[in-house]
There are 2 protein chains.
Amino acid sequence: MSARPEPAEADQAAAAAANAEFYAAFEAADLDRMDTLWDVDGLEPVSCVHPGWPLIRGRQRVLRSWAVIMANTAYIQFVLTDVTVAVLGEVAVVTCDENILTSAEPGDAGQVAATNIFRRRDGRWRLWVHHGSPVLAADRPVPEELP
Amino acid sequence: MSARPEPAEADQAAAAAANAEFYAAFEAADLDRMDTLWDVDGLEPVSCVHPGWPLIRGRQRVLRSWAVIMANTAYIQFVLTDVTVAVLGEVAVVTCDENILTSAEPGDAGQVAATNIFRRRDGRWRLWVHHGSPVLAADRPVPEELP
């Protein structure tokens, strides 16, 4: 037996690393790292939904939105929970909960549900779609049985 | 020249039709149609984020949440705008704005940003991830130039 990961596991690990880099770039307020992470606009442009925001399409507009958010966030820290990475061909879908501590608004903290889609280009996973949404009621009931 | 669509166009059209069926099933409050539309749980389970809700994983829990929502929604109508369909291999990503008229809460109307991910199984596009998020401030500024 070898300790070398299977190709599928290696793909997943690389996609998970790209996902971690996304949050690390945001925490560091490093727009260059964020720029490197996002895919180019292909046949379909990249898109981004910040919590509570409308959909933003296109690499330039998305990166401008990150510049605005970073300029207005003195401090932010993420603890990711329930992270799931699924790789299908050249696409990786990461879903997770973002548990956030931030100074954007004093005392602000909360949970965001996130879907991040990466596409592989030139062997590297690049962010294609980010969708974050505010969890307004964390205890929404999903009954164990159909009503 | 033939009027027959190119394979890529046919793929896109089929994914767009699956997306339309998702909203039609919700409008009709037809849980059977919704059930048919959602993929089975594969290596990675299906997932769903309703606007303001936490992430729900797994076909059974997702369909229960739809049963609850349908039971509590007397009337809902969607007008989709800015619909984009991107097909990469066996994955289709649809992003759109949901413009909603509903009786869930009297006088309720609003906009939801949606990301819907379909995977092709046995030649049919099936819903794998739905993520809808409330647009709380439709006029968030994205400046034309970096600040």
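Every value quoted in this text rests on a predicted model; they were computed, and no experiment measured them.

## Notes on the packing of aromatic side chains
Residues and elements named next belong to chain A.
Part 1 of the reasoning: By the definition in use, this model includes 10 aromatic pairs over all chains.
Part 2 of the reasoning: Geometrically, the ring pair formed by Phe26 and Phe78 is tilted, given 5.3 Å between the ring centres and 50 degrees between the ring planes. Of this pair, Phe26 sits in helix α1 (residues 7-27) while Phe78 sits in strand β3 (residues 76-88), and the two are 52 residues apart along the sequence.
Part 3 of the reasoning: Accessibility expressed as a relative area gives 10% for Phe26, which makes it buried.

## Describing α1(A)
Residue and element names in this part refer to chain A.
Part 1 of the reasoning: When the terminal C-alpha atoms of α1 are compared, their 30 Å separation across 21 residues agrees well with the 30 Å that a helix rising 1.5 Å per residue should span.
Part 2 of the reasoning: The set of residues buried in α1 consists of Ala15, Ala18, Asn19, Phe22, Tyr23, Ala25 and Phe26. Down the axis of α1, the buried side of the element spans an arc of 165 degrees, and every buried residue falls inside it.

## Some details on the pairing of strand β3 (residues 76-88) of chain B
Residues and elements named next belong to chain B.
Part 1 of the reasoning: Taken together, the 11 bridges between β3 and strand β4 (residues 91-102) define a ladder with antiparallel strand orientation. Bridging across to β4, Thr81 finds its partner in Asp97.
Part 2 of the reasoning: Hairpin connection of β3 to β4: two residues between the antiparallel strands, including Gly89 at a positive phi of 65 degrees.

## Structural notes on helix α3 (residues 59-71) of chain B
Residue and element names in this part refer to chain B.
Part 1 of the reasoning: With 13 residues, α3 extends 18 Å between its outermost C-alpha atoms, agreeing within 8% with the 18 Å of an ideal straight helix rising 1.5 Å per residue.
Part 2 of the reasoning: Here α3 lies mainly inside the structure; 10 of its 13 residues are buried.
Part 3 of the reasoning: Within the sequence span of α3, burial applies to Arg59, Val62, Leu63, Arg64, Ser65, Trp66, Ala67, Val68, Ile69 and Met70.
Part 4 of the reasoning: Structurally, α3 contributes buried residues whose contacts are with α1 (7-27), α2 (31-37), β1 (47-49), β2 (56-57) and β6 (124-134).

## Notes on the relation of the copies chain A and chain B
Part 1 of the reasoning: Superposing chain A onto chain B takes a rotation of 180 degrees plus a shift of 0.0 Å along the axis, which leaves an RMSD of 0.0 Å. Such values leave the two copies arranged in the relation of a two-fold axis. Across chain A, the rotation axis passes nearest the C-alpha of Ser133(A), at a separation of 2.6 Å.
Part 2 of the reasoning: Of the interface residues in chain A, 100% have counterparts in chain B that sit at the interface too, so the contact is made through matching surfaces.

## Concerning the pattern of salt bridges
Part 1 of the reasoning: Scanning the entire structure with this criterion turns up 16 salt bridges over all chains.
Part 2 of the reasoning: Ionic pairing is found between Arg57(B) and Asp82(A), a salt bridge with its closest N-O pair at 3.2 Å. Of this pair, Arg57(B) sits in strand β2 while Asp82(A) sits in strand β3, on two different chains.
Part 3 of the reasoning: Here Arg121(B) and Asp39(B) are joined by a salt bridge, their closest N and O atoms 2.7 Å apart.

## Description of empty space enclosed by the protein
Any empty space left between the atoms is revealed when a probe the size of a water molecule rolls over them.
Part 1 of the reasoning: Using the criterion set out here, one finds two cavities of 30 Å³ or more in the structure.
Part 2 of the reasoning: Each pocket or cavity is described by its volume, and for the largest cavity that value is around 70 Å³.
Part 3 of the reasoning: Forming the boundary of the largest cavity are Glu44(A), Pro45(A), Ser47(A), Arg57(A), Trp128(A), Val129(A), Thr84(B), Ala86(B), Val93(B), Val94(B) and Thr95(B).
Part 4 of the reasoning: Listing elements by their share of the lining of the largest cavity, those giving two or more residues are β6 (124-134) of chain A together with β3 and β4 of chain B.
Part 5 of the reasoning: With three residues, β4(B) is the single largest residue contributor to the lining of the largest cavity.
Part 6 of the reasoning: Across the lining of the largest cavity, the residue classes break down as six nonpolar, three polar and two charged.
Part 7 of the reasoning: Of the voids in this model, the second largest cavity is the one considered here, and its volume is about 60 Å³.
Part 8 of the reasoning: Thr84(A), Ala86(A), Val93(A), Thr95(A), Glu44(B), Pro45(B), Ser47(B), Arg57(B), Trp128(B) and Val129(B) are the residues that line the second largest cavity.
Part 9 of the reasoning: Elements supplying a minimum of two residues to the lining of the second largest cavity: β3 and β4 (91-102) of chain A together with β6 of chain B.
Part 10 of the reasoning: Counted by class, the lining of the second largest cavity contains five nonpolar, three polar and two charged residues.

## Remarks on the confidence of the model for chain A
Residues and elements named next belong to chain A.
Part 1 of the reasoning: Per-residue confidence for chain A gives a mean pLDDT of 89, with 85% of residues at or over 70.
Part 2 of the reasoning: Helix α2 (residues 31-37) holds the highest mean pLDDT among the elements of chain A, 98, whereas strand β5 (residues 109-121) holds the lowest, 94.
Part 3 of the reasoning: Confidence estimates for the predicted assembly give a pTM of 0.90 and an ipTM of 0.88.

## Some words on the packing of α1(B) against α3(B)
Residue and element names in this part refer to chain B.
Part 1 of the reasoning: In the contact formed by α1 and α3, the axes pass within 10 Å of each other and the chain directions differ by 50 degrees. By the angle class used here, α1 and α3 are oblique. On α3, the residues that touch Phe22, Ala25 and Phe26 of α1 are Trp66, Ile69 and Met70.
Part 2 of the reasoning: Residue composition of the contact of α1 with α3, by class: six nonpolar, no polar and no charged.

Cut-offs applied
- In this convention, every chain numbers its residues from 1, walking through the sequence in written order.
- Written order decides the labels, with chains lettered from A and ligands numbered from 1.
- With the structure being a predicted model, the display of local features is reserved for residues of pLDDT at least 70 and the display and counting of side-chain atom pairs for 80 or more, all residues being used for whole-chain, interface and lining totals.
- The side-chain quantities take in all heavy atoms of the structure and omit both hydrogens and water.
- Stacked, tilted and edge-to-face are the three classes assigned to paired rings of Phe, Tyr and Trp, where Trp is represented by its six-membered ring and a pair needs centres within 6.5 Å; plane angles under 30 degrees give stacked, over 60 edge-to-face, the rest tilted.
- For helices the rule is a DSSP run of H or I covering at least 4 residues; for strands it is a run of E covering at least 2, with both sets numbered from the N terminus onward.
- Relative accessibility under 20% of the residue-type maximum defines a buried residue, over 50% an exposed one, and the middle range a partly exposed one, all with a 1.4 Å probe and only protein chains included.
- A helix's residues, less one, multiplied by 1.5 Å, set its expected span.
- It is the directions from the helix axis to the C-beta atoms whose arc is reported.
- Strands pair, by our definition, only if DSSP identifies at least two bridges between them.
- Residue contacts are defined here by distance: any two heavy atoms, one from each residue, within 4.5 Å place the two residues in contact.
- The atoms used to superpose the copies are C-alpha atoms, taken from residues with pLDDT of at least 70 in both, and the fit is least squares.
- One side-chain nitrogen of Lys or Arg within 4 Å of one carboxyl oxygen of Asp or Glu is enough to make a salt bridge.
- Residues are called lining when one of their atoms sits within 4 Å of a cavity or pocket point, these points coming from a 1 Å grid over the protein atoms alone, where a cavity is a set in which a 1.4 Å probe fits but cannot get out and a pocket is an open set with protein on both sides within 12 Å along at least five of seven lines.
- Grid points are joined across faces, edges and corners, and a volume is the space filled by probe spheres set on the points.
- Ten residues, namely Ala, Val, Leu, Ile, Met, Phe, Trp, Tyr, Cys and Pro, are considered nonpolar, four, namely Asp, Glu, Lys and Arg, are considered charged, and the remaining ones, Gly among them, are considered polar.
- As a per-residue quantity, pLDDT reports the predictor's confidence and falls between 0 and 100.
- With axes taken as lines fitted to C-alpha atoms, and helix axes fitted only over the stretch in contact, angles between N-to-C directions fall between 0 and 180 degrees.
- In what follows, roughly perpendicular refers to angles from 65 to 115 degrees, roughly parallel to angles under 35, roughly antiparallel to angles over 145, and oblique to any angle outside these ranges.

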